[in-house]
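What follows is each chain in one-letter form.
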Amino acid sequence: KVDSRDSERRTPLMYAATNGFEDIIERLIAAGANPNFKDRNGNNAFDYAAGRGLVETVDFLLKRTHTKDDRNYIEFAQTIRATYAGDVSLMPAGNGKISSINRITPEGQAPLHIAAGNGSVEIINELIKRGAEVNLTNSNQQTPLHWAAWNNQAGSASVLLEHGACVFQGEAAGNTPLMLAAQSNSQEVAKVLLDNGAERDVVNKQGKTAAMQAEDRGFRDFSTILK
């Protein structure tokens, strides 16, 4: 069955699109694969290719299925590619708002989350300039600041805070950016967060403070700083 589904309702075409396997995409479409079928989270084959920044694969899919790009898949793929590469010159042409800039990829991240986690300050500024929401949450209710904290990207954290990122916001488990910094031993980010008003005594849904979480992970020196 060309459109058989796995436990997440993903089809073979979605897997081929994710990896840019255009020869397999060609065969699947010739066999009748439906590019508009959606997985459990509402993503189709175009979303999977665009979410990896595979501009050429998205274009290939659109042409082979005679689909109009009315959801701006090419634009989103270009944005993702530029974000992963840390190269502003790869962004969609123009200086105006990018209509798809706050879209979440099938892997659960918007372009600004990726840039924050990678420490791409130039890309962060460009994304915000072109309409990225600083406090946008992903599927786990994490903001870009959470991603900067987890990956110890102090530069990312600083620029996000300058643009209005919320230092107190909790994600799905109630963890603030400071708590994620504690979990990953991101001491440089923790200093930036504390300098910008992060609270030490807030607890997550398990009743743990940032200091407790650092100690649970074996980061005892760090937990002392957080107390």
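Our structure's up above, just so we're on the same page.
One structure accompanies this document, and this report is about it. Note that this is a predicted model, so its numbers are computed, not measured. (Residues numbered from 1 in each chain as written. Predicted model: local features only at pLDDT ≥ 70, side-chain atom pairs only at ≥ 80, totals over all residues. Heavy atoms only, no water.)

1. Side note on the overall build of the protein
Along its length, the protein carries 13 helices and zero strands. Seen through its C-alpha atoms, the protein measures out along the principal axes to roughly 60 × 40 × 20 Å. The 227 residues of the protein split such that 48% are buried. Within the protein, residue pairs in contact and separated by at least 24 positions form 65% of the contacts whose partners lie at least 6 positions apart. Accessible area of the protein: about 10800 Å², with a carbon and sulfur share of 45%. Averaging the positions of the 24 positive and the 27 negative side-chain charges in the protein gives two centres separated by 5 Å. (Helix = DSSP H or I, 4+ residues; strand = E, 2+ residues; numbered from the N terminus. Buried < 20%, exposed > 50% of the residue type's maximum accessible area, 1.4 Å probe, protein only. Contact = heavy atoms within 4.5 Å. Areas by Shrake-Rupley, 256 points an atom, 1.4 Å probe, with all protein chains shown as cover. Lys, Arg positive; Asp, Glu negative; His and termini not counted. Charge placed at Lys NZ, Arg CZ, Asp CG, Glu CD.)

2. Describing the nonpolar core
Counting 39 residues, the largest nonpolar core has L127, L160, L178, L193 and L226 as the members making the most contacts within it. Taken together, the elements giving at least two residues each to this core come down to helix 6 (111-118), helix 7 (121-129), helix 8 (144-150), helix 9 (154-162), helix 10 (177-183), helix 11 (187-195), helix 12 (210-216) and helix 13 (220-226). What L127 contacts, discounting residues up to four positions off in sequence, is T79, T83, M91, I101, P111, L112, A115 and A132. (Core = buried A, V, L, I, M, F, W, Y, C linked by side-chain atoms within 4.5 Å.)

3. Focus on unusual backbone geometry
A positive phi angle is found at N72, which is not glycine, with a value near 60°. Residue N72 is classed as partly exposed on the basis of its relative accessible area of 28%. Positive phi, close to 55°, is recorded for N152, a residue that is not glycine. Relative to the helices and strands, N152 is located in the loop between helix 8 and helix 9.

4. Re the pattern of salt bridges
Per the stated rule, a full pass over the model turns up nine salt bridges. Ionic pairing is found between E56 and R81, a salt bridge with its closest N-O pair at 3.6 Å. You can see E56 sitting in helix 4 (residues 55-64) and its partner R81 sitting in helix 5 (residues 73-85), a full 25 residues away along the chain. Taking relative accessible area as the criterion, E56 reaches 52% and is therefore assigned exposed. (Salt bridge = Lys/Arg side-chain N within 4 Å of Asp/Glu carboxyl O.)

5. Notes on the environment of V121
One can find V121 in helix 7. Judged by its relative accessible area of 31%, V121 falls in the partly exposed class. For the pair V121 and L160, spaced 39 residues apart in the sequence, the C-alpha separation amounts to 9.0 Å.

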